[in-house]
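# Close look at the chain arrangement
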Amino acid sequence: MRALIIGATRGIGLGLTQRYLADGWHVTATARREADLPQLQSLGAKPLKLDVTLPSSIMSMEWVLAGEQYDLVIYVAGILSRGPATAVPTQAEFDLVMHTNVLGMMQLLPCLAPKLANQHGKWIAISSGMGSIAEAQSSANWLYRVSKAALNMAIRSAAFDYPAVTFAALCPGWVKTDMGGPQATLEVADSVQGLRQVIAGLSLADSGCYKNHLGHSLSW
Ligand SMILES: NC(=O)c1ccc[n+]([C@@H]2O[C@H](COP(=O)([O-])OP(=O)(O)OC[C@H]3O[C@@H](n4cnc5c(N)ncnc54)[C@H](OP(=O)(O)O)[C@@H]3O)[C@@H](O)[C@H]2O)c1
């Protein structure tokens, strides 16, 4: 089985890479910095340089990955933006968060979705419960919330145009990573174990779903 994990240098992406490798998968793992590629190679992954905010980097995937096929693509790359709705983002802040968390995945879709084992395969976006409009209980990290709600819609929409691919937006829980912080409730290994199980259990009938790492459906 072959997986492409986008945003694999740290945290959940690194944990997913280690887990799939341990399960015997062939994993292509991406880093945006050259200096992070040897780490991925030493784990046994095929390292790939990709910055999802650089159009040239996105466009290069067409020829760099020519002929490749995957069973699973996981879009993990993401950045956090803190602040409530009274903290108005600058255009630069808005563009960076939306570019990293949403546009990068949207732009990779036409190149990578056809590589999903003749269109049969799974496309996972690591979303967040903070992307749920129905379950919002505060305005904390509002730009990040906006980006994950948009990511969710991108996943839901893509399911219509690639009907043989299983799409899912998955929340990993609150995880102890650079983004989640030390006070988070989940270790990376536990989140990754849950995500792995949820992903394995997804079928085409689930395409366009929004779930957490325990497999519970989340409200949009
Ligand atoms: N941790 C949590 O509690 C939590 C909760 C809900 C959702 N999530 C989501 O889970 C995903 C992973 O989060 P994490 O906690 O593992 O965060 P993290 O430790 O901060 O890792 C973020 C990853 O995204 C990559 N990335 C950032 N900008 C990129 C770009 N322009 N191009 C390519 N890769 C880029 C980073 O690469 P570099 O090393 O090069 O920066 C890194 O590998 C994110 O989408 C996040 O929103 C996390």
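Throughout what follows, the structure given in this document is the object of discussion. (Residues numbered from 1 in each chain as written. Predicted model: local features only at pLDDT ≥ 70, side-chain atom pairs only at ≥ 80, totals over all residues. Heavy atoms only, no water.)

Below, the discussion takes up the pattern of salt bridges. Tallied over the full model, the rule gives eight salt bridges. For Arg 33, the salt bridge is made with Asp 36, and the minimal N-O distance between the two is 3.4 Å. Under the relative-accessibility criterion, Asp 36 is labelled buried at 18%. Three or more residues joined by partner-sharing salt bridges are found here, namely Arg 19, Asp 23 and Arg 196. (Salt bridge = Lys/Arg side-chain N within 4 Å of Asp/Glu carboxyl O. Buried < 20%, exposed > 50% of the residue type's maximum accessible area, 1.4 Å probe, protein only.)

This brings us to the packing of aromatic side chains. Taken as a whole, this structure holds four aromatic pairs when the rule is applied. Ring geometry for Tyr 162 versus Phe 167: centroids 6.2 Å apart, planes at 50°, classification tilted. In this structure, Tyr 162 and Phe 167 share a single accessibility class: buried. Clustering of aromatic rings is evident, with ring pairs tying together Trp 123, Tyr 162 and Phe 167. (Phe/Tyr/Trp six-rings, centres within 6.5 Å; stacked < 30°, edge-to-face > 60°.)

This next bit is on the site of the ligand. Close to the ligand lie 30 residues; Thr 9, Arg 32, Tyr 144, Val 175 and Thr 177 are nearest. Note that an oxygen atom of the ligand is positioned 2.8 Å from one of the side-chain N or O atoms of Arg 10. Lys 148 has a polar side-chain atom sitting 2.9 Å from an oxygen atom of the ligand. Across the complex, the protein chains shield 96% of the 890 Å² of accessible surface that the ligand would expose by itself. Of all the secondary structure elements, the ones that give two or more residues to the shell around the ligand are α1 (11-22) and α5 (142-161). For the shell around the ligand, a count of residues per class yields 13 nonpolar, eleven polar and six charged. (Near = heavy atom within 4 Å. Polar contact = N/O pair within 3.5 Å; in protein donor to acceptor, adjacent residues only side chain to side chain. Areas by Shrake-Rupley, 256 points an atom, 1.4 Å probe, with all protein chains shown as cover. Helix = DSSP H or I, 4+ residues; strand = E, 2+ residues; numbered from the N terminus. Nonpolar A, V, L, I, M, F, W, Y, C, P; charged D, E, K, R; others polar.)

Here we come to the environment of Val 175. Checked against the element boundaries, Val 175 lands in the loop between β6 (165-171) and α6 (188-201). Through-space distance from the C-alpha of Val 175 to that of Ser 132 is 18 Å; in sequence the pair is 43 residues apart. In contact with Val 175, not counting residues within four places along its chain, are Ile 12, Gly 180, Gly 181, Ala 184, Leu 186, Glu 187, Val 188 and Ser 191. (Contact = heavy atoms within 4.5 Å.)

Mapped onto the elements, Ser 147 comes out in helix α5. Sequence-distant contacts of Ser 147, that is, excluding residues within four places in its chain, are made with Val 97, Met 98, Asn 101 and Val 102.

A few words on α5. Helix length check: α5, at 20 residues, gives a terminal C-alpha distance of 29 Å against a target of 28 Å (1.5 Å per residue), a fit within 8%. Taken together, the buried positions of α5 are Leu 143, Tyr 144, Arg 145, Ser 147, Lys 148, Leu 151, Asn 152, Ala 154, Ile 155, Ala 158 and Ala 159. The secondary structure elements touched by the buried residues of α5 are α4 (91-112), β5 (121-126), β6 and β7 (209-212). (Expected span 1.5 Å × (residues − 1).)

Attention shifts here to α6. In this model α6 runs 20 Å from its N-terminal to its C-terminal C-alpha over 14 residues, within 8% of the 20 Å that 1.5 Å per residue would give. Along α6, the residues that are buried comprise Val 188, Ser 191, Val 192, Gly 194, Leu 195, Arg 196, Val 198 and Ile 199. Buried residues along α6 sit against α1, β4 (72-75), β5, β6 and β7.

Limitation: the analysis is restricted to geometry and does not speak to function.
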